[in-house]
Amino acid sequence: MNAPISTFRLTTQRQIILEELSKVTTHPTASELYDMVRKRLPRIGLGTVYRNLELMAEHGMIHKIEVGGTQKRFDAITDSHYHIRCSTCGKVDDINVPVTNELVAQATDSSSYHILGHQVEFTGICGNCQKQPRLQ
């Protein structure tokens, strides 16, 4: 369960990481976000960025996206929403599909679990990859 945000201290490093994450909709990896943050904090380390991302996700300030066998990605939008991943390049986007709470009810009815939530991952081929010539 997520700890309350009020008990979590927003350090200068965390504030800058959050600001940089909030500027993009690309759902960056820790490494990609590190490259963005380094422009403002040249001495910050990748490990520091990664640890802070994990802590902010744990405290509900950001959303950690863990999709099938790929690097973790991070999202500043914490409201429930779905994502779509390009199966060719790995790009992750938000998809404007209503969150279906009926899935939680169905899962509750068909299992002995206490359901805490759900994640749905859509996959497809993004517009850029569709334009690329295919190797045969």
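Below you will find a few notes about this structure. (Residues numbered from 1 in each chain as written. Predicted model: local features only at pLDDT ≥ 70, side-chain atom pairs only at ≥ 80, totals over all residues. Heavy atoms only, no water.)

### Some words on the pairing of strand β4 (residues 92-95)
1) Next: In the sheet, strand β3 (residues 82-86) pairs with β4 via four bridges, with the strands oriented antiparallel. Bridged to Ile84 within β4 is Asp93.
2) Next: Where β3 folds back on β4, the antiparallel hairpin that results is connected by five residues, among which Gly90 adopts a positive phi of roughly 90 degrees. (Pairing = 2+ DSSP bridges. Helix = DSSP H or I, 4+ residues; strand = E, 2+ residues; numbered from the N terminus.)

### Description of the sheet that holds strand β5 (residues 121-124)
1) Next: Pairing is mixed in the open sheet, where three strands are placed in the order β4-β3-β5. Unpaired on one side and paired on the other, β4 and β5 mark the two borders of the sheet. This sheet shows a mean twist of 35 degrees between the axes of neighbouring strands, independent of strand direction. (Axes fitted to C-alpha atoms, helices over the stretch in contact; angles between N-to-C directions.)

### A look at the packing of aromatic side chains
1) Next: If you walk through the whole model with that rule in mind, you get one aromatic pair.
2) Next: Between the aromatic rings of Tyr82 and Phe122, the centroid separation amounts to 6.1 Å while the plane-to-plane angle is 70 degrees, which identifies the pairing as edge-to-face. One end of the pair, Tyr82, is in strand β3; the other, Phe122, is in strand β5, with 40 residues separating them in the sequence.
3) Next: Overall, Phe122 belongs to the partly exposed group, its relative accessible area being 30%. (Phe/Tyr/Trp six-rings, centres within 6.5 Å; stacked < 30°, edge-to-face > 60°. Buried < 20%, exposed > 50% of the residue type's maximum accessible area, 1.4 Å probe, protein only.)

### What to know about the environment of Ser31
1) Next: Take Ser31: it is sitting in helix α2 (residues 30-37).
2) Next: Taking C-alpha positions, Ser31 is 8.0 Å from Tyr50, a pair spaced 19 residues apart along the chain.

### Thoughts on the nonpolar core
1) Next: Ile17, Leu33, Val37, Ile44, Leu53, Met56 and Ile62 are the most contacted members of the largest nonpolar core, which totals 19 residues.
2) Next: Of all the elements in the fold, those that place two or more residues in this core are α1 (12-22), α2 and α3 (46-58).
3) Next: The element best represented in this core is α2, accounting for five residues.
4) Next: Once residues lying within four places of it in the same chain are set aside, the contact partners of Ile62 are Leu18, Leu21, Leu53, Met56, Ala57, Phe74, Asp75, Ala76 and Thr78. (Core = buried A, V, L, I, M, F, W, Y, C linked by side-chain atoms within 4.5 Å. Contact = heavy atoms within 4.5 Å.)

### Brief notes about the pattern of salt bridges
1) Next: A complete count under the given rule lists nine salt bridges for this structure.
2) Next: Close ionic contact of Glu20 with Lys23 constitutes a salt bridge, the shortest N to O distance being 3.0 Å.
3) Next: Given a relative accessible area of 59%, Lys23 falls into the exposed group.
4) Next: Across the pair Lys72 and Glu54 runs a salt bridge, and its minimum N-O distance is 3.3 Å. Taken as a pair, Lys72 in the loop between β1 (63-65) and β2 (73-75) and Glu54 in helix α3 lie far apart in primary sequence, 18 residues in all.
5) Next: The class for Lys72 is partly exposed, based on a relative accessible area of 26%.
6) Next: Residue classification places Glu54 among the buried positions, given a relative accessible area of 19%.
7) Next: Connected through salt bridges with shared partners, the residues Glu19, Glu20, Lys23 and Arg40 form a single ionic network. (Salt bridge = Lys/Arg side-chain N within 4 Å of Asp/Glu carboxyl O.)

### Section: the packing of α1 against α3
1) Next: Where α1 meets α3, the axes come as close as 10 Å, and the angle between the chain directions of the two elements is 80 degrees. As far as their axial angle goes, α3 and α1 are roughly perpendicular. Here Gln13, Arg14, Ile17 and Leu18 of α1 lie close against α3, whose contacting residues are Thr48, Val49, Asn52, Leu53, Leu55 and Met56.
2) Next: Looking at the contact of α1 with α3 residue by residue, the classes come out as six nonpolar, three polar and one charged. (Parallel < 35°, antiparallel > 145°, perpendicular 65-115°, else oblique. Nonpolar A, V, L, I, M, F, W, Y, C, P; charged D, E, K, R; others polar.)

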